[in-house]
Amino acid sequence: WYYDAVQYAYDNKLMDGIGDNLFAPNSTLTRGMMVTVLWRLENSPVTDYIIAFEDVPSNSWYADAVRWAASAGIVTGISDTNYAPDSYITREQLATMLCRYATYKGYSTTADATALQVFDDYENISPYAADALAWTVSTNLINGMGDNTLLPQGNATRAQTAAVLMRFVENISK
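Remember, predicted model here, so these are calculated numbers, not experimental data. (Residues numbered from 1 in each chain as written. Predicted model: local features only at pLDDT ≥ 70, side-chain atom pairs only at ≥ 80, totals over all residues. Heavy atoms only, no water.)

**Thoughts on the pattern of salt bridges**
Tallied over the entire structure, the rule returns 3 salt bridges. Across the salt bridge formed by D64 and R67, the nearest N and O atoms sit 2.7 Å from each other. Taken as a pair, D64 and R67 lie in helix α3 (residues 63–71) at a separation of 3 residues, close to a single helical turn. D64 gets classed as partly exposed once you look at its relative accessible area, which sits at 39%. (Salt bridge = Lys/Arg side-chain N within 4 Å of Asp/Glu carboxyl O. Helix = DSSP H or I, 4+ residues; strand = E, 2+ residues; numbered from the N terminus. Buried < 20%, exposed > 50% of the residue type's maximum accessible area, 1.4 Å probe, protein only.)

Okay, structure coming up:
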């Protein structure tokens, strides 16, 4: 189900493999990886914004992406001083980052919050992510898990992220 999305993400230089010609579609994505994907989608802008995240070394592969995304209001840390770049990204964090990116680009992110109530686990959605998840669900960027759940606090896989990115570029950013 994810082949076309993975190929799209790879061909458009949004996501790389993990080495040895492997993509690892069922592996989880980290917060550092996700912010790098959005940074690449934005053509890797350079900024001199000073970030206060102590866990983002200036020479790390994701530092420029975090710097740009923090300056644009797309990401916040898990605290004022920690971004947690190596932590796995949840599906609701993915939705939130993507929604903030869409807002940054000037795209409409309005959605009906009742769109989430069709999922059996909608009460597990964190309050900060509700609007973003409503937008991603109502625009068909994020789908349920097939068992009538959204799994908002579950980790996003690389394949799921590639599919969301392809849908975003093809349907929202045009």
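Next, the rest of the story.
**Looking at unusual backbone geometry**
The backbone of S44 sits at a positive phi, close to 50°, despite the residue not being glycine. Look at A84: it is not a glycine, yet its phi comes out positive at around 65°. Summarising the element assignment, A84 is placed in the loop between α3 and α4 (91–105). For A84, a relative accessible area of 9% corresponds to the buried category.

**Some details on the environment of A52**
With respect to the helices and strands, the residue A52 is situated in the loop between α2 (31–41) and α3. Each C-alpha atom of the pair A52 and R67 lies 9.5 Å from the other, and the pair is 15 residues apart in sequence. Not counting chain neighbours up to four residues away, the residues in contact with A52 comprise D80 and T81. (Contact = heavy atoms within 4.5 Å.)

**A look at the packing of aromatic side chains**
A complete count under the given rule lists 8 aromatic pairs for this structure. The interplanar angle of 65° and the centroid separation of 6.2 Å between the aromatic rings of W68 and Y101 together place this pair among those described as edge-to-face. Placement of W68 in helix α3 and of Y101 in helix α4 is noted, with a sequence separation of 33 residues between them. With respect to burial, W68 and Y101 carry one shared label: buried. Taken together, the aromatic side chains of W68, Y101, Y104, Y107 and F168 make up a single cluster linked through ring pairs. The lysine or arginine in question, R31, covers the ring of Y83, its NZ or CZ lying 4.4 Å from the ring centre. For R158, the ring lying beneath its charged end belongs to F23, and the centroid distance is 4.3 Å. (Phe/Tyr/Trp six-rings, centres within 6.5 Å; stacked < 30°, edge-to-face > 60°. Lys NZ or Arg CZ within 6 Å of the ring centre and 35° of its normal.)

**Re the nonpolar core**
Counting residues in hydrophobic clusters, the biggest one holds 56 residues, and the most contacted among them are L38 and F168. For this core, the secondary structure elements donating two or more residues are α1 (3–11), α2, α3, α4, α5 (130–138) and α6 (158–171). With residues near it in sequence (within four places) discarded, L38 still touches W68, I74, M97, L98 and Y101. (Core = buried A, V, L, I, M, F, W, Y, C linked by side-chain atoms within 4.5 Å.)

**Focus: α3**
Here α3 lies mainly inside the structure; 7 of its 9 residues are buried. Residues A63, A65, V66, R67, W68, A69 and A70 constitute the buried set of α3. Its buried side turned inward, α3 meets α2 and α4. Phi turns positive one or two residues past the end of α3, at G73, with a value near 80°.

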